[in-house]
Every structure is written in C-alpha cells, then in structure tokens.
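# Observations on the three-dimensional arrangement
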Amino acid sequence: DISDVKEESSAISIEDSSLEYIKNNNIKFIMPTKGTISSGYGAREVIFKDIDSYHTGLDIANKKGTDIVAATDGVVTKVANNKYNGNFIEITYKDIITKYAHMDSVSVKKGKEIKAGEKIGVMGETGYATGPHLHFEVVVNGIKIDPAKVLNL
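These numbers come from a predicted model, not from an experiment.

## Brief notes about the overall build of the chain
- Within the chain one finds 2 helices and 12 strands.
- Going through the 153 residues of the chain one by one, you find that 40% of them count as buried.
- With the model as given, the accessible surface of the chain reaches about 8,400 Å², and the carbon-plus-sulfur share is 50%.

Right, here's the structure in full:
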C-alpha cells in the first residue's frame, strides 16, 4: 500500500543524507575485524523472542579472541555491558557513533582517542549471541544506517 511506499522512500532518503554526510566530511571506514558476514542489516527472522527482528547492524563471525579494531578515528564514549550487547563500546567521531558489541574483552577505556585500525578488543559471545561474532553498528546524527554501505561491501 501507498503508506508503506512513502515510509520506505523516507527511510531511504534519510540513509542517503547520512551517507552524504560521511562523504562530505571525507570520513573513511575500515573493516573492524576479519570473518564471515553472518547477518546483514535489516529485516530477518526472529532469533530471540524478546528482541526486535529488525537487525540494526552487521554481524561478522569468527573465532573467539579474533582482534577487533576501530573502523574510524574517534573517541571512546562508552564502555559498557548489558544483557543484549554483552561487552560493548561506542566510538564517536563528529556526528557518527560506531558500536562494537558481544566482545569477549575490551582493551580501551572511556575517553581514549582512537585511530582507525587500532585494536579495541577481541571477539566474543557475550550478551544475546548465537556464537562468537562482532555486531557492528553505524549511527549518523542519531540514525542507524547499513554498515555495509560505509564499508563498501
């Protein structure tokens, strides 16, 4: 129906403006870890009954202990743990937040300045996870976007 089409085109234009912001500010992203993409961004089947099936990031699977690096420059603005994300961190650069979840361990502290490619921790299976992987999110001006689009996958 027409309201679905309007909603989808609105979401696409918001994502396009977020990608434009990244391009205009010449912000480069690198892969945060090595592995296999086990789940992309967007709608997927329900895995955990109390979690929305819309996947807001990119899952990269590999063995526990695989190094995770910062995808962009920035400052570590959050180091935390919760039942959903397990051990996770957020790195902020301008109006962009990158989130790294399900880590086995974190090797950076809040407030640390980070360069892209710098090790920030290792892959784990903490929180709601079905195996060792990194859940990687990109948020631009408060809007979650498909990380594959900035990683050129």
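Further notes follow.
## Points about the pattern of salt bridges
- Summed over the entire model, instances satisfying the criterion amount to 5 salt bridges.
- Its salt-bridge partner being Lys 115, residue Asp 73 comes within 3.9 Å of it at the nearest N-O pair. Residue Asp 73 is located in the loop between β5 (67–69) and β6 (74–82), and its partner Lys 115 is located in the loop between β9 (113–114) and β10 (119–123); the two are separated by 42 residues in the primary sequence.
- The class for Lys 115 is exposed, based on a relative accessible area of 54%.
- Between Lys 112 and Glu 118 there is a salt bridge; the shortest N-O distance is 2.9 Å.
- Look at Lys 112 and you get partly exposed, because its relative accessible area is 33%.

## So, the packing of aromatic side chains
- Counting across every chain of the model gives 2 aromatic pairs.
- Consider the rings of Tyr 84 and Tyr 128, whose centres lie 5.3 Å apart with planes at 55°: the pair is tilted. In this pair, Tyr 84 is assigned in the loop between β6 and β7 (86–93) and Tyr 128 in the loop between β10 and β11 (133–140), connecting sequence segments 44 residues apart.
- Ring centres 5.3 Å apart and planes at 50° place the aromatic pair Tyr 100 and Phe 136 in the tilted group. Within this pair, whereas Tyr 100 is found in strand β8 (residues 96–106), its partner Phe 136 is found in strand β11, the two being separated by 36 residues in sequence.
- Overall, the relative accessible area of 0% leaves Tyr 100 in the buried class.
- Lying across the ring of Phe 88, Lys 99 places its NZ or CZ 5.0 Å from the centre.

## Details of the environment of Thr 77
- Residue placement: Thr 77 occurs in strand β6.
- For Thr 77 and Lys 110, which are 33 residues apart along the polypeptide, the C-alpha to C-alpha distance reads 5.5 Å.

Reading guide: rules and limits
Residues numbered from 1 in each chain as written. Predicted model: local features only at pLDDT ≥ 70, side-chain atom pairs only at ≥ 80, totals over all residues. Heavy atoms only, no water. Helix = DSSP H or I, 4+ residues; strand = E, 2+ residues; numbered from the N terminus. Buried < 20%, exposed > 50% of the residue type's maximum accessible area, 1.4 Å probe, protein only. Areas by Shrake-Rupley, 256 points an atom, 1.4 Å probe, with all protein chains shown as cover. Salt bridge = Lys/Arg side-chain N within 4 Å of Asp/Glu carboxyl O. Phe/Tyr/Trp six-rings, centres within 6.5 Å; stacked < 30°, edge-to-face > 60°. Lys NZ or Arg CZ within 6 Å of the ring centre and 35° of its normal.

In short, shape yes, function no, at least from these values alone.
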